[in-house]
Amino acid sequence: MRNISRIPSLTLAAALMAGGTISVPAFAQQGADDTSDGATIIVTGTRRTDRTIADSTVPIDVISSEMLQNSGTTETNRLLNQLVPSFNFPQPSLTDGTDSLRPATLRGLAPDQVLVLVNGKRRHLSSLLNLNGSVGRGSSGVDMNTIPPLAIDRIEVLRDGAASQYGSDAIAGVINIQLKRREGGRAQVSFGKYITTMEDVAQVASVAPTTNAAGDPVITFTGRDRKRRDGDTYTFATNVGLPIGEGGYFNFTAEYKDRSPTNRSGPDIRRNYAGIGDPRETTFNRYAHRFGDGESKDMNFFFNAGMDVGASFELYSFGSYGVRDANGAGFYRRALDVRNADWANGGLPFYPDGFLPLITSEIRDIAIAGGVRGETGGWNLDLSINYGTNRLNYGVENSFNTSLGGLNSPRKFNAGGLRSGQMSVNFDAARSIDFGMGDTTLAVGGEWRNENYKIVPGEVSSYIAGPFTFTNGAAPGSQVFPGFSPTTAIDASRDSFAGYLELDADISDIFNVQVAGRYEHFSDFGDTVNGKIAARLEPVSGLALRGSISTGFRAPGMAQQFFSTTSTNNVAGVGLIEIGTFPVGSPIAVALGAQPLDPEKSVNIGGGIAFNMVSGFSLTVDYYRIKIKDRITLTENLQGADVVAILQAAGVAGTSARFFVNGIDTRTQGLDIVGSYRLPDFGAGRFTLTAGYNINDTKITDRRTFSGFTAQRLFARPESFRLTDGQPSNKFNAGIDWESGPAGMTLRANRYGKVFLPGPSLDITIPKGAAPGDVTLSPKWIVDLELRFRPVQAVQLAVGANNLLDEYPDRLPFGTVNGFNFGLNNSFLPYSSQSPFGFSGRFVYGRMSVDF
């Protein structure tokens, strides 16, 4: 064990509560620096003060602040995607609010099945519920992109179930973000943009007019791929650390980021105008769709502070305020589209050339935590209160409500919004106890937590069904995103009370056991009890075997229970239709068989080895198996004559609905391999090599049926395969960091494995790849390079490129291919939003930093 006798007891108390940090000179992933022997002290997954990476009973990655800063991106989620093999962050487009608040996953599970902590305290969820065509459909996650990388001291990624220690959500693992508390500071400015050539997307040379009523224009291409220069991104950030009295600290970070939109649309080869031979067809912009990153302006502020109170206690506080004004595009409505018809003017096009509706997102994210911690009577104590809220206001621009007619409809709408809040009070106590065997820590504690969820209605014109609602299928509400109506408004809360006990004991010099148990009561669904046992055996110094088994749970999300709206959905094989999403307690959902949601329940088994016998070299290999029962899923769009009959028999009106159910059981298993090597100094500078590999497989092991609906109708083939095969089957990353005097370099490469995209067939009995329209995205390598130089000690200049080789996911087929008609949408949507590395191409950047 690491000797910690010289670390002040107050610092021990802070770290023991898993909310503080025991400082060591430097750290990196798996100890790949001055502490490459694994001596970096961790505060996640244990409440001992002397636990290090090397002697942890479960796998943990530690990402240093230096690693976060040596990149062209300033999004925390993208950085983790580059650095952690089992972390996935696709960048979808055309997915409503998800364009502005994108989900991330760990070990292939849902965004809400990983717990995010800041300084060891639970971070609040976003108010957004991912609904439309993205990984993580039906879930809400934490918006980690509100946390500036410059504010982060390090990130600890616990890759093991930890619900018995931390409560709900910690099924896939825990991500604990430790904020800086050091003195001094850094100011930096960066600029980057995409300089890219879109792979297999043709550039239009000329367009000939249409010649018949059913035909599309004849388009001639240049024979060259389309070049793009867009996505200009400016980032200004500063971090300042100041001392407060004797032993106190105040650390403040401010960041402003301005990102211009990108567009990776291909040419729309369909006709735009109804008239035969319309000359406007030859000049219409064939790239009128916008497919890519939306426009975004972010301001984020973080602080982390503490001061001593007496000789043994510390008052501490940390918090954040974030603002994001962003937008994402919908489908372009062509001039001849019925959704562009002005029925108050005889059905003529309202926008003469068609229109591109935009969904705007105004996000306000606020968090504040505070408490007191210290040591008395041999106990390390921590009492804290933590509050967080995420507010999302939707707007619609460049659109109109077709059902009102063009003369009576605005073009800009306030569509309402979502609110999600959380308040918790925690008390933790821990002490060393002597059982006559070795170091043993006993920890006990309790938590009260209140969660709140609200839906705020939009303005009347955003949701009203106007006089033309039944004219040629004119849909009510603002096009692309109908506003929330007063009938969907909700203000719901729940409470939970929890108590836990944890025992971490060294049975001998080579054998350690950790046992934890947790009881929790929720006001909406009742009680849950969970436990964990983990052990580590080191028969030879530097070579250890470790394993764990635990039960876990995830409470049904507030949004999953109470979200309600209607929206435009792109339903596979059908097209764009209006769909209703209803709370499980609504009359429509109850009539169709909905029941109150139960918590998801998991059993996690893990085991592996940790090798640390060679100086500077660290290697861990860990197997995991996660079985989840009663997993919460969003049903398919239930519609048809039998649905109408069921609703009529129950005395409620409706034609279609979807809602959340405890619909499936799943099994996820895989392997994580993480290694690093700090090369001996041979006069050419300091070299650090890192590598990681993850292989992951998820299966649906059982499906629920009710009310006569088959399993296929409740959760059909497309969404089933999105859940099991919509993320990389494997992922490999490798990196080289080099420092020599004033110069430095970082080279990273990630290989993303196959991703499966099912065709439109709903038949769940058809195996992967056997249905018409099935597509598999092939593996891809993404290489990032950064070069750094310090002309003077306080100033660092850097240039680099993310996706240096300008790699794209496979081009999606369109038209008739091998006898199957893929339709023409993929002509202008050439890449899949499920690409694990996005589809934006090469990003080139420069950065200047000043240390003080």
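Each remark here, short or long, concerns the structure printed above.
**Describing unusual backbone geometry**
Phase 1: With a phi angle near 90°, D169 is a residue other than glycine that sits in the positive phi range.
Phase 2: Summarising the element assignment, D169 is placed in the loop between α4 (163-166) and β7 (173-179).

**Observations concerning the pattern of salt bridges**
Phase 1: Scanning the entire structure with this criterion turns up 59 salt bridges.
Phase 2: With a closest N to O distance of 3.0 Å, D672 and R159 form a salt bridge. Placement of the pair is D672 in strand β29 (residues 660-678) and R159 in the loop between β6 (152-158) and α4, with a sequence separation of 513 residues.
Phase 3: The buried category is assigned to D672, whose relative accessible area is 2%.
Phase 4: For R159, a relative accessible area of 1% puts it in the buried group.
Phase 5: One salt bridge connects E538 with R536, and the closest N-O pair in it is separated by 3.0 Å.
Phase 6: Judged by relative accessible area, E538 falls into the buried class, the value being 18%.

**Quick notes on a nonpolar patch on the surface**
Phase 1: On the surface, F435, M437, I507, I510, F511, L537, V540, L543, L545, I609, M613 and V614 cluster together into a nonpolar patch covering about 950 Å² of accessible area.
Phase 2: Elements with a minimum of two residues in the nonpolar patch: β21 (526-540) and β22 (543-554).
Phase 3: Looking at the element boundaries, I609 is found in strand β25 (residues 600-611).

**Things to note about the nonpolar core**
Soluble globular proteins tend to bury their nonpolar side chains together.
Phase 1: Ranked by internal contacts, the top residues of the largest apolar core, which has 41 residues, are Y394, L418, F481, F563, L592 and F659.
Phase 2: The residues touching F481, leaving out its near neighbours within four places in the chain, are D96, I359, Y394, V396 and A415.
Phase 3: Counting 35 residues, the second-largest nonpolar core is a separate cluster that includes V118, I177, L179 and Y624.

**Topic: helix α3 (residues 76-83)**
Phase 1: Burial within α3 is extensive, with 8 of its 8 residues counted as buried.
Phase 2: For α3, the full list of buried residues reads T76, N77, R78, L79, L80, N81, Q82 and L83.

**Regarding empty space enclosed by the protein**
Phase 1: Scanning the model with the defined rule gives 18 cavities of 30 Å³ or more in all.
Phase 2: By volume, the largest cavity is sized at about 630 Å³.
Phase 3: Around the largest cavity, the lining comprises 41 residues; the ones closest to its centre are T73, E75, R78, Q91 and Y194.
Phase 4: Grouping the amino acids of the lining of the largest cavity by side-chain chemistry returns 10 nonpolar, 20 polar and 11 charged.

**A look at helix α10 (residues 717-725)**
Phase 1: With 9 of 9 residues buried, α10 lies mostly within the body of the structure.
Phase 2: For α10, the set of buried residues is R717, P718, E719, S720, F721, R722, L723, T724 and D725.

The rules behind the values
Residues numbered from 1 in each chain as written. Predicted model: local features only at pLDDT ≥ 70, side-chain atom pairs only at ≥ 80, totals over all residues. Heavy atoms only, no water. Helix = DSSP H or I, 4+ residues; strand = E, 2+ residues; numbered from the N terminus. Salt bridge = Lys/Arg side-chain N within 4 Å of Asp/Glu carboxyl O. Buried < 20%, exposed > 50% of the residue type's maximum accessible area, 1.4 Å probe, protein only. Patch = residues over 30% accessible without salt bridge, like charges linked within 9 Å, V, L, I, M, F, W, Y side chains within 5 Å. Areas by Shrake-Rupley, 256 points an atom, 1.4 Å probe, with all protein chains shown as cover. Core = buried A, V, L, I, M, F, W, Y, C linked by side-chain atoms within 4.5 Å. Contact = heavy atoms within 4.5 Å. 1 Å grid on protein atoms, 1.4 Å probe; cavity = no way out; pocket = protein on both sides within 12 Å on 5 of 7 lines; lining within 4 Å. Points joined across faces, edges and corners; volume = space filled by probe spheres on them. Nonpolar A, V, L, I, M, F, W, Y, C, P; charged D, E, K, R; others polar.

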